[in-house]
Amino acid sequence: MTEQQQRRSNTSGRLYGSYPAKVESVEHPKGLFMAQVRLMGLWDSATLDTLPWAEFLLPLGCKPEAGQHIPVELGDIVWVDFPRSGDTRYPRITGSCYYAPDYKSHLPAGQPGKAAEGEPPAPEITLKDDLYSRFGISEYKTHTGAWGIVHVATGTRLEISEAGIVIHSEKDSFRSSTGKTVEKIGGDYEQSVKGAVKIAIDGAAELSASAITLKSGGAVSIEAGGAFNVKATKADFKLG
């Protein structure tokens, strides 16, 4: 048998190249970040206890206590190779398979987030864009320069684009700071509130403007625990 024939018939029991495989388990007996895989078409009849555990080809920057890891799930179809000279005892997951049976693509669809009236709408996601959608969160970076995160179930959206920054919540919204908070706005500032407004300040409060207008559709109450002082060059009061 020639050397070329020997490589083709794989008489050495080693596998070279990349192979599609199905994830059969993600619960490593020693708690390691590994997955048990079954090579499709080659190990279909193998029992689960004989299948090897595969390590992952991790992104650059991964080192002790740093980097990124992306888990697989039971039933995922992945690409596997055998970097230790084709030794099938040591597979390595290098990526996911593109699933498109009968030429029907099963890539995740872009989940457009919601926006309030007057806010820039979410961009339409195409195959030109970078999209990651998993565990109910969709993150996108578009070829036009927008980046955003969407909570798929509600449409809550955070986005940075050429149009500006959009922070839209379909539920409650919270913001806090243990230190100083500074906002500098070069243009107009508007707030629209449909419910009640309550502002509690432990320290002193100061409002400074070139002109101030207060309007109320009903009664106005002012309560002071100490002195109440008003200083003006002129004061007009109109009743009725």
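Here the structure is shown first, and the text comes after it.
Residues numbered from 1 in each chain as written. Predicted model: local features only at pLDDT ≥ 70, side-chain atom pairs only at ≥ 80, totals over all residues. Heavy atoms only, no water.

Here the focus is the layout of surface pockets. Gaps left between atoms show up when a probe the size of a water molecule is rolled over them. Considering only enclosed or pocket space, the largest pocket measures out at about 1200 Å³ in volume. Lining the largest pocket are 18 residues, with Arg175, Glu183, Tyr189, Glu190 and Gln191 positioned closest to its centre. Residues of the lining of the largest pocket, tallied by class, amount to eight nonpolar, five polar and five charged. Roughly 870 Å³ of volume is contained in the second largest pocket. Contributing to the lining of the second largest pocket are 28 residues, with Ile70, Asp76, Ser96, Tyr132 and Arg134 lying nearest its centre. Counting only elements with at least two residues in the lining of the second largest pocket, the list comes to strand 4 (77-81), strand 5 (92-96) and strand 6 (130-134). A class-by-class count of the residues in the lining of the second largest pocket yields 17 nonpolar, eight polar and three charged. (1 Å grid on protein atoms, 1.4 Å probe; cavity = no way out; pocket = protein on both sides within 12 Å on 5 of 7 lines; lining within 4 Å. Points joined across faces, edges and corners; volume = space filled by probe spheres on them. Nonpolar A, V, L, I, M, F, W, Y, C, P; charged D, E, K, R; others polar. Helix = DSSP H or I, 4+ residues; strand = E, 2+ residues; numbered from the N terminus.)

Time to look at the sheet that holds strand 8 (residues 147-151). With respect to topology, five strands assemble into an open sheet ordered 6-7-8-9-10, the strand pairing being antiparallel. The sheet terminates laterally at strand 6 and strand 10 (164-168), the two strands that pair on one side only. The mean angle between the axes of side-by-side strands here comes to 10°, regardless of whether they run parallel or antiparallel. (Pairing = 2+ DSSP bridges. Axes fitted to C-alpha atoms, helices over the stretch in contact; angles between N-to-C directions.)

As paired elements, strand 3 (residues 53-56) and strand 5 share two bridges and run parallel to each other. Bridging from a neighbouring strand, phenylalanine 56 pairs with isoleucine 93 of strand 5. In the sheet, strand 4 pairs with strand 5 via four bridges, with the strands oriented antiparallel. Counterpart to valine 78 in the pairing with strand 5 is serine 96.

Attention shifts here to the sheet that holds strand 4. Read once around its circumference, the closed barrel built from five strands follows the order 1-2-3-5-4, with strand pairing classed as mixed. Shown here is a sheet whose adjacent strand axes are inclined to one another by a mean of 55°, direction ignored. One ladder, built from four bridges, connects strand 1 (residues 18-25) with strand 2 (residues 35-39); its direction is antiparallel. Looking across to strand 2, one finds that lysine 22 is bridged to arginine 38.

This part takes up unusual backbone geometry. One non-glycine residue, glutamate 65, adopts positive backbone phi at about 65°. Turning to its location among the elements, glutamate 65 is positioned in the loop between strand 3 and strand 4. For glutamate 65, a relative accessible area of 84% puts it in the exposed group. Backbone geometry places serine 85, a non-glycine residue, at a positive phi of 55°. The residue serine 85 is located in the loop between strand 4 and strand 5 in this model. (Buried < 20%, exposed > 50% of the residue type's maximum accessible area, 1.4 Å probe, protein only.)

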